[in-house]
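One letter stands for each residue in the lines below.
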Amino acid sequence: MIAQMRVRGLMFDPYNNAYIVILRDEDGGDMLPIWVGKSEASAISLALENVAAPRPMTHDLLKAMLDSFDAKVISVVITDLNENTYFAKIHLLYQDAEFAVDSRPSDAIALALRANAPIFASENVLRKQTSEELEQWLENLKPEDFGKLDS
Amino acid sequence: MEPADTHSSESLVALRMHRVLEDPNTDTRILVLCDETGKDLLPIWVGAAEGNAIRLAMDEVVTPRPMTHDLMKNCAEHLNLKIQRVVVSDVKNSTYYAAIHVVSRGVERTLDARPSDAIALALRVRCPIYVTEDVLKRRSSGHLDAWLAKFETPNSEARNT
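Visitor: What is the right way to look at the overall build of chain A in this model?
Guide: Broken down by element type, chain A carries 5 helices and 7 strands. Counted from the first residue to the last, chain A has its helices and strands arranged as β-β-β-α-α-β-β-β-α-β-α-α. Here chain A holds 151 residues, and the buried ones make up 38% of them. For chain A, the proportion of contacts with a sequence separation of at least 24, taken over those separated by at least 6, is 52%.

Written as structure tokens, this is what we have:
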């Protein structure tokens, strides 16, 4: 079973000096936090805010490559989250064949947002990632921690 | 979309990545490319993340998870797209432009790219890197000498102590 997720936001985590992409299950309301680095966060932020960079950023280039050969991003699936290793799959459709490409969730999300492709999380991931951790973390946040990504 | 096409008739000079220089004071990296003789240098200023992506490829570091350019390479391999060559094709207002030439079943597409992405990808797929003669002529390596002088001295001293 998989659940469709939406990117709810992007926050800076001052304790780990990293960023958190917050995904939310559209039906169940489950939250899935994914910790990412600064440049990964920036790639997601540009897509969320619909910013057209003067030059193509790396994920724009990836999308341009797929577009120019009529390959389509069908969906991306976050398949597993371990301590420091996160797994996702990008599902591509090209010449009537389907391909699943191994990816970090940050790249998968950055591409999905640009390609308007749905983002899914496996139930296994949602179960594993108890949102208690996130809620506790959110409670500790100060208002100034919110706001736009400073890239 | 396809700026390199206007240059396709021009002669190209093959380049290789020489090194990535680091500016400890800013978030800047300098890609230093050189021609086959090692005499002609082309410096290109890039961001820290872009410089790191290239350094990882130069050092052939295998990261636990695929980095973004690895993903791009893997996508191309899955779809049987061949990345044939990358060309640093233009420079306008100190911004360099590159073109990535991709071929599949006799169909060639040219992708507009930042040189940092083009080079990061070229190193991973082991395809040639070129610059147009025109761009090489208009490069500003004058700055590079100043940079080299500034950074090599403290570095080499540090190594000796």
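Structure shown, so let's carry the discussion forward.
Visitor: Which parts of the structure should I look at to understand the sheet that holds strand β4 (residues 72-81) of chain A?
Guide: The pairing of strands in a sheet comes from backbone hydrogen bonds and takes either a parallel or an antiparallel form. All names here are of chain A. The 7 strands lie next to each other as β3-β2-β1-β7-β4-β5-β6, forming an open sheet whose pairing is mixed. Here the strands that pair on one side only, and so sit at the sheet edges, are β3 (31-36) and β6 (97-103). Direction aside, the axes of adjacent strands within the sheet are offset by 35° on average. Examined bridge by bridge, strand β2 (residues 18-25) and β3 share 6 bridges and lie antiparallel to one another. Paired with R24 across the bridge in β3 is M31. On top of the sheet, helix α3 (residues 105-115) reaches β1 (2-13), β2, β3, β4, β5 (86-94), β6 and β7 (119-122); it is set at about 150° to β4, its chief contact.

Visitor: When you look at the sheet that holds strand β7 (residues 129-132) of chain B in this model, what are you seeing that I'm missing?
Guide: Residues and elements named next belong to chain B. An order of β3-β2-β1-β7-β4-β5-β6 is seen for the 7 strands of this open sheet, with the pairing classed as mixed. Of all strands in the sheet, those bounded by a partner on one side alone are β3 (41-47) and β6 (107-113). Each adjacent strand pair in this sheet contributes to an overall mean axis angle of 35°, direction not counted. Inspection of the sheet shows strand β1 (residues 12-22) paired to β7 by 4 bridges, in the antiparallel sense. Bridge assignment links A14 to a residue of β7, and that residue is Y130. Running at roughly 125° to β3, helix α1 (residues 48-58) makes contact with β1, β2 (28-35) and β3 of the sheet.

Visitor: Please explain the interface of chain A and chain B as it appears in this structure.
Guide: Many descriptions give the size of an interface as the accessible area lost when the pieces come together. Listed by partner, the interface residues are 22 residues for chain A and 21 residues for chain B. Mapped by element, the contributors of at least two residues to the side of chain A that touches chain B are α2 (58-68), β5 and β6 of chain A. When residues in the side of chain A that touches chain B are grouped by element, the largest group, 8 residues, is from α2 of chain A. A breakdown of the residues in the side of chain A that touches chain B according to their chemical character gives 12 nonpolar, 6 polar and 4 charged.

Visitor: Just checking my understanding: could you explain helix α1 (residues 38-48) of chain A for this structure?
Guide: Quick reminder: α-helices carry 3.6 residues per turn. Residues three or four places apart thus point the same way. Looking at α1 of chain A, one finds that the buried residues are E40, A41, S42, A43, I44, L46 and A47 of chain A. Residues of α1 of chain A that are buried sit in contact with β1, β2, β3, α2 and α3 of chain A.

Visitor: Would you take a moment to explain the environment of I74 of chain A for this structure?
Guide: Residues and elements named next belong to chain A. Here I74 is to be found in strand β4. The spacing of I74 and W35 is 39 residues in sequence and 24 Å in space, taken between C-alpha atoms. Ignoring any residue separated from it by four or fewer positions in sequence, one finds I74 in contact with H91, L92, L93 and A117.

Visitor: Even after reading the chapter, I still don't get unusual backbone geometry, so can you show me in this structure?
Guide: Phi at D96 of chain A takes a positive value of approximately 65°, unusual for a residue other than glycine. Inspection of the secondary structure puts D96 of chain A in the loop between β5 and β6. By the C-beta count within 10 Å, which is 5 here, D96 of chain A ends up exposed. Of note in the backbone geometry, R126 of chain B takes a positive phi value of approximately 55° without being a glycine.

Visitor: Please clarify how helix α2 (residues 68-78) of chain B should be interpreted in this entry.
Guide: Residues and elements named next belong to chain B. With 8 of 11 residues buried, α2 is to be regarded as a mostly interior element. Listed in full, the buried residues belonging to α2 are T68, H69, D70, L71, M72, K73, C75 and A76. At the exit of α2 stands N80, carrying a positive phi of roughly 65°.

Visitor: Sorry, what's going on with the packing of α2 of chain A against α3 of chain A here?
Guide: The packing of two helices is summarised by the inter-axis angle and the distance between the axes. Residue and element names in this part refer to chain A. At a minimum axis distance of 10 Å, the contact between α2 and α3 shows a crossing angle of 60°. Relative to α3, the element α2 lies oblique. Like other packed secondary-structure pairs, α2 and α3 cross with a definite hand, here right-handed. The residues of α3 that touch α2, namely those facing H59, D60, L62 and K63, are A110, L111, R114 and A115. Here the residues of the contact of α2 with α3 are counted per class, giving 4 nonpolar, 1 polar and 3 charged.

How each quantity is defined
Residues numbered from 1 in each chain as written. Chains lettered and ligands numbered in written order. Predicted model: local features only at pLDDT ≥ 70, side-chain atom pairs only at ≥ 80, totals over all residues. Helix = DSSP H or I, 4+ residues; strand = E, 2+ residues; numbered from the N terminus. Buried ≥ 20, exposed ≤ 12 C-beta atoms within 10 Å, placed from the backbone. Contact = placed C-beta atoms within 7 Å. Pairing = 2+ DSSP bridges. Axes fitted to C-alpha atoms, helices over the stretch in contact; angles between N-to-C directions. Nonpolar A, V, L, I, M, F, W, Y, C, P; charged D, E, K, R; others polar. Parallel < 35°, antiparallel > 145°, perpendicular 65-115°, else oblique. Left-handed = near helix turned anticlockwise from the far one by under 90°.

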